[in-house]
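Per-entry structural report
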Amino acid sequence: MSVTTRRGRVAAAALAAITAVGGVAACGNNDDNNAAEGEKPTKLVVDTFGEFGYDELVKEYEKQTGIKVELRKTAQLDEYRPKLVRALATGKGAADVVALEEGILNEFKANPANWVDLAPLIDDHSKDYLPWKWELGKAADGRLIGLPTDVGSLAVCYRRDLFEAAGLPTERDQVTALWPTWDDFIRIGKEYRQKTGKGLVDSVTTAASAVMVQVGGDLFYDKEDKIIADSSPAVKKAWDTAIAMADANITAEAATWSPEWSAGFKQGTFAATFCPSWMLGIVQDNSGPENKGKWDVAGVPGGAGNWGGSWLAVPQQSKYHKEAAKLAEFLTNAESQVAAFKLKGPLPTNLKALQDPEFTGYTNEYFNNAPTGKIFGESVSKIQPLHYGPKHQAIKEKAFEPALRSYESGQASKDAAWSQFVKDAQTQGAF
């Protein structure tokens, strides 16, 4: 079967899957898609997940335009995606501007009819962003579906006070030097466990995510979007590294995004987590003001990698295509990307933003004045696009990570956990 034929069938299957989803959509901004020509909206709605750093930006947009902006946040991506699928299936409930994360982007691009072509509605920004990031925002027919927001360069967020209590170095350059390799990281984790009785790192799944994107290439799918979960070098390396961490007993077994994980930042349940740039705001929010200055940012074992990143899109069901496109354009311009980074950490993809002294010279007060602009910005040029495939996020969150956690918690043997992952990957990856 040719690549073209297969991808066409994948797209058709994705459309069928979305169309078949029923249920009542969440209340959105507009149920009537037929605004009078030239009619100005009184309100636009933006849907995001995690932390995009838009809280102050939407206030500025309101001042500039007189249009109220409602910012609706969903904490976790696995809660956000079903809401969006339901809204597209029912034809109502989607925001005027929605965030599409890279792990679900291909799934939603498969049906470009759901999305407004942004190119005719905004200025030409094709030369303004990292080239590969810009291209990934296009549908197969060439239409511009999404405007680039951020990219996820890697680091390690760590608690200086907990490192000091364990007799470990606390200065970020010294901490980076502790673990040039993953084996070194595991060695330090054992030392931390011996001295404190606690896990150094939150969970095996955050480590697995970091390793997978470092190896890169084809992850759960090959170039023809065939599931290769059991043979992907990136997946195998990530799995083996995570298993080695579990065997060494260096984790706190705090499942990512769980209530225990969120509370662990404040309670000192673990002393480190693998930290793409966008995670900074989440670490800060979970840790609270009382832990300001206790966190810092160090280099990650194994080198650069791209974990995360998103685009802003406008659903066809929005009543105000032009105004929504202009809002997305505002939120992704150079100045806005720098402001979002300074507030919550999403790493800019706008080339002008990446060269802005306000970005390159920025130090994060919460993270002990770490030069996060420099730390994350220097790795941007090394980041390469990854091949995710149509249902990457479903395989990762509902097959890969649960299997790893089952081994980490002692509920399954190594072989049983792997077999379960391979089986579930086929189920979760199918349309």
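Residues numbered from 1 in each chain as written. Predicted model: local features only at pLDDT ≥ 70, side-chain atom pairs only at ≥ 80, totals over all residues. Heavy atoms only, no water.

1. Quick word on the overall build of the protein
- On a plain count of helices and strands, the protein comes out with 19 helices and 9 strands.
- Rg of the C-alpha trace for the protein: 21 Å, near the compact-globule value of 22 Å for 431 residues, within the 12% margin.
- Principal-axis analysis of the C-alpha atoms places the extent of the protein at approximately 70 × 50 × 35 Å.
- Looking at the protein as a whole, 56% of its 431 residues are labelled buried.
- Restricting the contact set of the protein to residue pairs at least 6 apart, pairs at least 24 apart contribute 77%.
- Approximately 17,400 Å² of the protein is accessible, and the part contributed by carbon and sulfur atoms is 50%.
- Placing the 48 positive and 56 negative side-chain charges of the protein at their respective mean positions leaves the two points 2 Å apart. (Helix = DSSP H or I, 4+ residues; strand = E, 2+ residues; numbered from the N terminus. Rg over C-alpha atoms; globule rule 2.2 N^0.38 Å. Buried < 20%, exposed > 50% of the residue type's maximum accessible area, 1.4 Å probe, protein only. Contact = heavy atoms within 4.5 Å. Areas by Shrake-Rupley, 256 points an atom, 1.4 Å probe, with all protein chains shown as cover. Lys, Arg positive; Asp, Glu negative; His and termini not counted. Charge placed at Lys NZ, Arg CZ, Asp CG, Glu CD.)

2. Quick look at the pattern of salt bridges
- Evaluated as defined, the whole model comprises 26 salt bridges.
- Between Glu 329 and Lys 326 there is a salt bridge; the shortest N-O distance is 3.5 Å. Of this pair, Glu 329 and Lys 326 both sit in helix α13 (residues 321-331), 3 residues apart, which is roughly one turn of the helix.
- For Lys 326, a relative accessible area of 30% gives the class partly exposed.
- Overlapping salt bridges, with partners in common, bring together Arg 160, Glu 171, Arg 172 and Asp 296 in one network. (Salt bridge = Lys/Arg side-chain N within 4 Å of Asp/Glu carboxyl O.)

3. What about the pairing of strand β2 (residues 68-74)?
- Summarising the sheet, strand β1 (residues 43-49) and β2 pair through 7 bridges and their orientation is parallel. Bridge pairing links Phe 49 to Thr 74 in β2.
- Viewed along the sheet, the connection from β1 through helix α2 (residues 55-65) into β2 turns out right-handed. (Pairing = 2+ DSSP bridges. Right-handed = clockwise from strand over helix to strand, strands pointing away.)

4. Things to note about empty space enclosed by the protein
- Overall, the coordinates contain 1 cavity of 30 Å³ or more when judged by the stated rule.
- What the largest cavity holds in volume is close to 70 Å³.
- The set of elements that each furnish at least two residues to the lining of the largest cavity consists of β4 (146-153), α14 (334-344) and β9 (347-348). (1 Å grid on protein atoms, 1.4 Å probe; cavity = no way out; pocket = protein on both sides within 12 Å on 5 of 7 lines; lining within 4 Å. Points joined across faces, edges and corners; volume = space filled by probe spheres on them.)

5. Considerations on the sheet that holds strand β5 (residues 156-159)
- Taken in spatial order, the 3 strands line up as β6-β5-β7 in an open sheet, and their pairing is antiparallel. Two strands close off the open sheet at either side, each with one partner strand: β6 (272-274) and β7 (295-298). Recorded for the sheet is a direction-independent mean angle of 25° between the axes of neighbouring strands.
- Sheet analysis places β5 next to β6, joined by 3 bridges and oriented antiparallel. Within β6, the position partnered with Val 156 by the bridge is Phe 274. (Axes fitted to C-alpha atoms, helices over the stretch in contact; angles between N-to-C directions.)

6. Quick look at the confidence of the model for the protein
- With 91% of its residues at a pLDDT of 70 or more, the protein shows a mean pLDDT of 90.
- Predicted confidence for residues 1-33 stays below pLDDT 50, and this span has 57 contacts to residues more than four positions away or in other chains. (pLDDT = per-residue confidence, 0-100.)

7. Structural notes on the packing of helix α9 (residues 204-215) against helix α10 (residues 233-248)
- Where α9 contacts α10, the two axes come as close as 8 Å, and the packing angle between them is 150°. On the basis of the axis angle, α9 is roughly antiparallel to α10. Crossing geometry of α9 relative to α10 is assigned as right-handed. Contacts between α9 and α10 involve Val 204, Ala 207, Ala 208, Val 211, Met 212 and Val 215 from the first element and Pro 233, Ala 234, Val 235, Lys 237, Ala 238, Thr 241, Ala 242, Met 245 and Ala 246 from the second.
- Across the contact of α9 with α10, the residue classes tally to 13 nonpolar, 1 polar and 1 charged. (Parallel < 35°, antiparallel > 145°, perpendicular 65-115°, else oblique. Left-handed = near helix turned anticlockwise from the far one by under 90°. Nonpolar A, V, L, I, M, F, W, Y, C, P; charged D, E, K, R; others polar.)

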